[in-house]
Amino acid sequence: MNYRVRLEVFEGPLDLLLYLVEEAQLDIHEVSLVRVTDQFLEYLAATHDVEQASRFLVVAAQLMAIKARSLLPLPQAPSPREQEDPGPGLARRLAEYRQVRRQADLLATLWARESFLYPAPDRTEGAVQAPPVRGTAAALARAMAWVLGRAEVAVSVPQVPISVTERLAALRDALEGRGRFVFQEVMGRGRGCVVGSFLALLELWRTGEAEVRQEEPFGAIQVWREEGA
Amino acid sequence: MSELGAALEAALFASPRALTGAELGRVLDAPEELVERELAALGAAYERRGAGVQLRRVGGGWRLMTRPEHAQVLARLGGLARRAALSRAAMETLAVVAYRQPVTRAQLEELRGVGCEGALATLLERGMVEEVGRKEAPGRPVLYGTTREFLTAFGLRDLGELPEPEAEELLQERLELE
């Protein structure tokens, strides 16, 4: 990969960056993935080097995965071997898979042995019985046309537009009115609304309009107005 | 043969699936212990006279079945319902569920290294595998286990009868890996 990244903490090929992060010689928190991506997009716009783009995606995705993992709270310590040393992990998985294959062989042997014993276990129980076929393709086509003629073709998927701007306004109102609130009480209902509210919350925090605190994973998110703002 | 023994024989002969001692007791209005005793006598009688059928205990129940010695004769007879084969992917997926149950689909896929959706759907449809609960983990993924139907189809009394790979074989594998 002749494409090179330029960051405060690192300068060089992207896969070397990944290697250093994986080897824990470079702290992933020091690496701005936004910067890495922006630089690459600039590079891509200038060169149209599609081959590099696919390689970039792979490496960037791995960096992203590492960073995401390091940011998420872990319920318990992950087994360190699995995370730091892919070698033995791979060998272990290979060994496990071989065992699966062997067990499948054993099952297949049993299955073959049982296949010659009668009566075969009843497979029709609970299954849909095929209707007796007494008709022609033309009759089937006519029947289908009749069904389609009767069917109401009115499929509408309701879309509830959620605008982050609107959610932002709602959060600002709560901040103005109460000065302090619990995010979960204001976030609204429905997945789209919650996601929109959360993005709005991040925005409030980013602009320094609000302070945000969550004491424990999945706990209440306290939001209050920044002193002097 | 006792009247009860004859009735048991009729019920087992007619039933396409394995019947438990409790079920037979209910149907024949007889205590389960008595049923079990008669079943044992029935099975022993078949063995003694070298009968063409055998009484087998599978999946927690009893089935009347032909003996393996007559497989070729029956094959020549033709017209007998044969069960559909299981693909290799389905067999491997089934092996993971059987030996490691309960498992989630994610665990299945990690072990096999490929998607298991199709194989799992086949196994569910054929009644070999069923949902047995949900894992207390993020997303509460479905846990899968094997069914009685599975035990019957593989001629097993219970999961304890699942064959284990030879210890030597395992050792050999390990040496190869190292």
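Analysis parameters
Residues numbered from 1 in each chain as written. Chains lettered and ligands numbered in written order. Predicted model: local features only at pLDDT ≥ 70, side-chain atom pairs only at ≥ 80, totals over all residues. Heavy atoms only, no water. Core = buried A, V, L, I, M, F, W, Y, C linked by side-chain atoms within 4.5 Å. Buried < 20%, exposed > 50% of the residue type's maximum accessible area, 1.4 Å probe, protein only. Helix = DSSP H or I, 4+ residues; strand = E, 2+ residues; numbered from the N terminus. Expected span 1.5 Å × (residues − 1). Arc of directions from axis to C-beta. Contact = heavy atoms within 4.5 Å. Pairing = 2+ DSSP bridges. Axes fitted to C-alpha atoms, helices over the stretch in contact; angles between N-to-C directions. Phe/Tyr/Trp six-rings, centres within 6.5 Å; stacked < 30°, edge-to-face > 60°. Left-handed = near helix turned anticlockwise from the far one by under 90°. Nonpolar A, V, L, I, M, F, W, Y, C, P; charged D, E, K, R; others polar. Patch = residues over 30% accessible without salt bridge, like charges linked within 9 Å, V, L, I, M, F, W, Y side chains within 5 Å. Areas by Shrake-Rupley, 256 points an atom, 1.4 Å probe, with all protein chains shown as cover. Salt bridge = Lys/Arg side-chain N within 4 Å of Asp/Glu carboxyl O.

(A) Representation of the nonpolar core in the model. With 30 residues, the main nonpolar core has Leu107 of chain A together with Leu86, Leu94, Met128, Val129, Phe150 and Phe154 of chain B as its most contacted residues. Considering every element that reaches this core, the biggest residue donor is helix H5 (residues 88–100) of chain B, with 8 residues. Of all hydrophobic cores here, the second largest spans 22 residues; its members include Tyr3, Leu17, Leu63 and Ile66 of chain A.

(B) Spatial organisation of helix H9 (residues 191–206) of chain A. Residues and elements named next belong to chain A. End to end, H9 covers 22 Å across 16 residues, agreeing with the expected 22 Å (1.5 Å per residue, within 8%). All buried positions along H9 are accounted for by Cys193, Gly196, Ser197, Ala200, Leu201 and Leu204. Looking down the long axis of H9, one finds its buried residues gathered within 145 degrees of arc, a one-sided arrangement. Pointing more than 90 degrees away from the buried face of H9 are the exposed residues Arg191, Trp205 and Arg206. On the buried face of H9, the contacting elements are helix H7 (164–178), helix H8 (183–186), strand S4 (210–214) and strand S5 (221–225). Looking one or two residues beyond H9, the residue adopting positive phi is Gly208, at roughly 80 degrees.

(C) Structural view of the sheet that holds S4 of chain A. All names here are of chain A. If you trace the 3 strands from one edge of the open sheet to the other, you get S3-S5-S4, paired in antiparallel fashion. The sheet terminates laterally at strand S3 (180–182) and S4, the two strands that pair on one side only. The average undirected angle you get between the axes of adjacent strands in this sheet is 20 degrees. Note that S4 and S5 share 5 bridges and pair antiparallel. From the neighbouring strand, Gln214 faces S5, where its bridge partner is Ile221. Here H9 sits on the sheet in contact with S4 and S5, set at roughly 120 degrees to S4.

(D) Region of the structure containing the sheet that holds strand S4 (residues 129–134) of chain B. Residues and elements named next belong to chain B. The sheet built from 3 strands is open, its strands ordered S3-S5-S4 with antiparallel pairing. Each having just a single partner strand, strand S3 (103–104) and S4 make up the two edges of the open sheet. Packed onto the sheet, H5 meets S3, S4 and strand S5 (142–146) and runs at close to 90 degrees relative to S5. Strands in contact with helix H7 (residues 117–125) are S4 and S5; relative to S4, the strand with the most contacts, it is inclined by about 105 degrees.

(E) Here's a closer look at the packing of aromatic side chains. Residue and element names in this part refer to chain A. Considering all chains together, one arrives at 5 aromatic pairs over all chains under this definition. Between Phe40 and Tyr43, the ring centres sit 5.6 Å apart and the planes meet at 40 degrees, which makes this aromatic pair tilted. Remark: Tyr43 and Phe40 occur in helix H2 (residues 33–47); sequence separation between them is 3 residues, near one turn of the helix. The exposure class of Phe40 is buried, given its relative accessible area of 2%.

(F) The packing of H7 of chain A against H9 of chain A, seen in detail. Residue and element names in this part refer to chain A. Remark: H7 packs on H9, axes separated minimally by 8 Å, with the N-to-C direction vectors making an angle of 65 degrees. Two packed elements cross with a definite hand, and for H7 against H9 that hand is right-handed. Counting all contacts with H7, which are made through Val164, Arg167, Leu168, Leu171, Arg172 and Leu175, the residues of H9 involved are Cys193, Gly196, Ser197, Leu199, Ala200, Leu201, Glu203 and Leu204. Within the contact of H7 with H9, the residues separate by chemical class into 9 nonpolar, 2 polar and 3 charged.

(G) Seen up close, unusual backbone geometry. Gln101 of chain B connects to Pro102 of chain B through a cis peptide bond whose omega is 0 degrees. Its place among the elements puts Pro102 of chain B in the loop between H5 and S3. Of note in the backbone geometry, Phe218 of chain A takes a positive phi value of approximately 70 degrees without being a glycine. What makes Phe218 of chain A exposed here is its relative accessible area of 82%.

(H) Representation of a nonpolar patch on the surface. Residue and element names in this part refer to chain A. A cluster of nonpolar residues, Val164, Val195, Phe198, Leu199, Leu202 and Trp205, forms a patch on the protein surface that exposes about 540 Å² of accessible area. Residue contributions to the nonpolar patch peak at 5 residues, all from H9. Here Val195 lies in helix H9.

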